[in-house]
Amino acid sequence: MGRLEDLAVHYANAARWELSQALNRIATLDDEGTLHDKDLARIAYAYQRMSWWQQVTDLTHGREEPIDGATALLTVRQRAQDLLINARPVSNGGLFVLAMAEARRGGARAFLDATEKLADALALLSDHDTRPAEGITPATGQAPAEGRRP
């Protein structure tokens, strides 16, 4: 397992811990305890945030052929971007459905924010890997004629 895979597992575990802390609020309510809207919102947001990291770890440790951490991270980032760009407005279903849609968007935004610098670094690395070596033309794979030695 590489460093990116380890990092994804770390963030997934941190998100699970955040969710368990939010759920503990419900578990520790006594008979007179009151559950507030903000408690439910915290649970929904933590769950959605965790689900994005879970998707990354599912790809790197999945039942099918696992993929590398960089590819998994960029794949899930694309899914999160697609959700934010292409999500249709919720027009029916009540307040709960609206709240869950907002939590999904918030989780996707948090995932994108948390992985932005890493994705930029991965993009620079992939650009560097695909650029031809200095002095070699992409069409022929050889140095230009005037620069070649006899």
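Look above for the structure.
Because the structure is predicted, anything quoted here is derived from the model rather than measured.

Enquirer: When you look at the nonpolar core in this model, what are you seeing that I'm missing?
Expert: One broad trend across soluble globular proteins is that nonpolar side chains are buried collectively. Ranked by size, the top nonpolar core spans 20 residues in total, and within it Trp 52, Trp 53, Val 56, Leu 73, Ala 80 and Phe 111 carry the most contacts. Counting only elements with at least two residues in this core, the list comes to helix H1 (3–27), helix H2 (37–60), helix H3 (69–86) and helix H4 (94–130). Considering every element that reaches this core, the biggest residue donor is H2, with six residues. With sequence-adjacent residues up to four places away left out, Trp 53 is seen in contact with Ala 8, Tyr 11, Ala 12, Ala 15, Leu 73, Phe 111, Ala 114 and Thr 115.

Enquirer: Could you clarify how one ought to interpret the environment of Val 90 in this entry?
Expert: Note on placement: Val 90 falls in the loop between H3 and H4. Residues Val 90 and Glu 102, 12 residues apart in the sequence, show an inter-C-alpha distance of 9.7 Å. Here Val 90 is in contact with Val 97, Leu 98 and Ala 101, once residues within four sequence places are set aside.

Enquirer: Can you help me understand the packing of aromatic side chains in this one?
Expert: The description of an aromatic ring pair rests on the distance of the ring centres and on the angle between the ring planes. Under the definition given, this model contains three aromatic pairs. For the ring pair Tyr 11 and Trp 53, a centre distance of 4.7 Å and an interplane angle of 15° mean the geometry is stacked. Of this pair, Tyr 11 sits in helix H1 while Trp 53 sits in helix H2, and the two are 42 residues apart along the sequence. A relative accessible area of 30% means that Tyr 11 is categorised as partly exposed. Under the relative-accessibility criterion, Trp 53 is labelled buried at 3%. Aromatic side chains Trp 53 and Phe 111 sit 4.8 Å apart centroid to centroid with 70° between the ring planes, which places their arrangement in the edge-to-face category. With Trp 53 in helix H2 and Phe 111 in helix H4, this residue pair connects regions lying 58 residues apart in the sequence.

Enquirer: Which parts of the structure should I look at to understand H1?
Expert: In an α-helix there are 3.6 residues to a turn, and that puts residues three or four apart on one side. When the terminal C-alpha atoms of H1 are compared, their 35 Å separation across 25 residues agrees well with the 36 Å that a helix rising 1.5 Å per residue should span. When we look at burial in H1, the residues that qualify are Glu 5, Ala 8, Ala 12, Ala 15, Leu 19 and Ala 22. In this fold, the buried residues of H1 make contact with H2 and H3.

Enquirer: Where do I start with the packing of H1 against H2 in this structure?
Expert: Two quantities define a packed helix pair, namely the angle between the helix axes and the distance between the axes. Put simply, H1 and H2 touch, their axes get as near as 8 Å, and they point 155° apart. Put simply, H1 runs roughly antiparallel to H2. As H1 runs across H2, the sense of the crossing is left-handed. Across the contact of H1 with H2, the residue classes tally to 16 nonpolar, four polar and seven charged.

Enquirer: I tried to follow the packing of H2 against H3 on my own but got confused; where do I start?
Expert: Direction vectors running N to C along H2 and H3 enclose 145°, while the axes themselves pass 9 Å from each other. Judged by the sense of rotation from one axis to the other, the crossing of H2 with H3 is right-handed. Along its contact with H2, which presents Trp 52, Trp 53, Gln 55, Val 56, Leu 59 and Thr 60, the element H3 presents Gly 69, Ala 72, Leu 73, Thr 75, Val 76, Arg 79, Ala 80 and Leu 83. A breakdown of the residues in the contact of H2 with H3 according to their chemical character gives nine nonpolar, four polar and one charged.

Enquirer: Hey, could you run me through a nonpolar patch on the surface in this one?
Expert: On the surface, a cluster of nonpolar side chains totalling about 310 Å² of accessible area is made up of Leu 23, Ile 26, Leu 35 and Leu 40. Mapped onto the elements, Leu 35 comes out in the loop between H1 and H2. By relative accessible area, which is 33% here, Leu 35 ends up partly exposed.

Enquirer: Would you take a moment to explain the pattern of salt bridges for this structure?
Expert: Pairs can form between side chains of opposite charge once their charged atoms are near each other. One pass over the full model with this rule turns up three salt bridges. With a shortest N-O distance of 2.7 Å, Glu 102 and Arg 105 are connected by a salt bridge. Of this pair, Glu 102 and Arg 105 both sit in helix H4, three residues apart, which is roughly one turn of that helix. Classification of Glu 102 as partly exposed rests on a relative accessible area of 47%.

The rules we used
- Residues numbered from 1 in each chain as written.
- Predicted model: local features only at pLDDT ≥ 70, side-chain atom pairs only at ≥ 80, totals over all residues.
- Heavy atoms only, no water.
- Core = buried A, V, L, I, M, F, W, Y, C linked by side-chain atoms within 4.5 Å.
- Buried < 20%, exposed > 50% of the residue type's maximum accessible area, 1.4 Å probe, protein only.
- Helix = DSSP H or I, 4+ residues; strand = E, 2+ residues; numbered from the N terminus.
- Contact = heavy atoms within 4.5 Å.
- Phe/Tyr/Trp six-rings, centres within 6.5 Å; stacked < 30°, edge-to-face > 60°.
- Expected span 1.5 Å × (residues − 1).
- Axes fitted to C-alpha atoms, helices over the stretch in contact; angles between N-to-C directions.
- Parallel < 35°, antiparallel > 145°, perpendicular 65-115°, else oblique.
- Left-handed = near helix turned anticlockwise from the far one by under 90°.
- Nonpolar A, V, L, I, M, F, W, Y, C, P; charged D, E, K, R; others polar.
- Patch = residues over 30% accessible without salt bridge, like charges linked within 9 Å, V, L, I, M, F, W, Y side chains within 5 Å.
- Areas by Shrake-Rupley, 256 points an atom, 1.4 Å probe, with all protein chains shown as cover.
- Salt bridge = Lys/Arg side-chain N within 4 Å of Asp/Glu carboxyl O.

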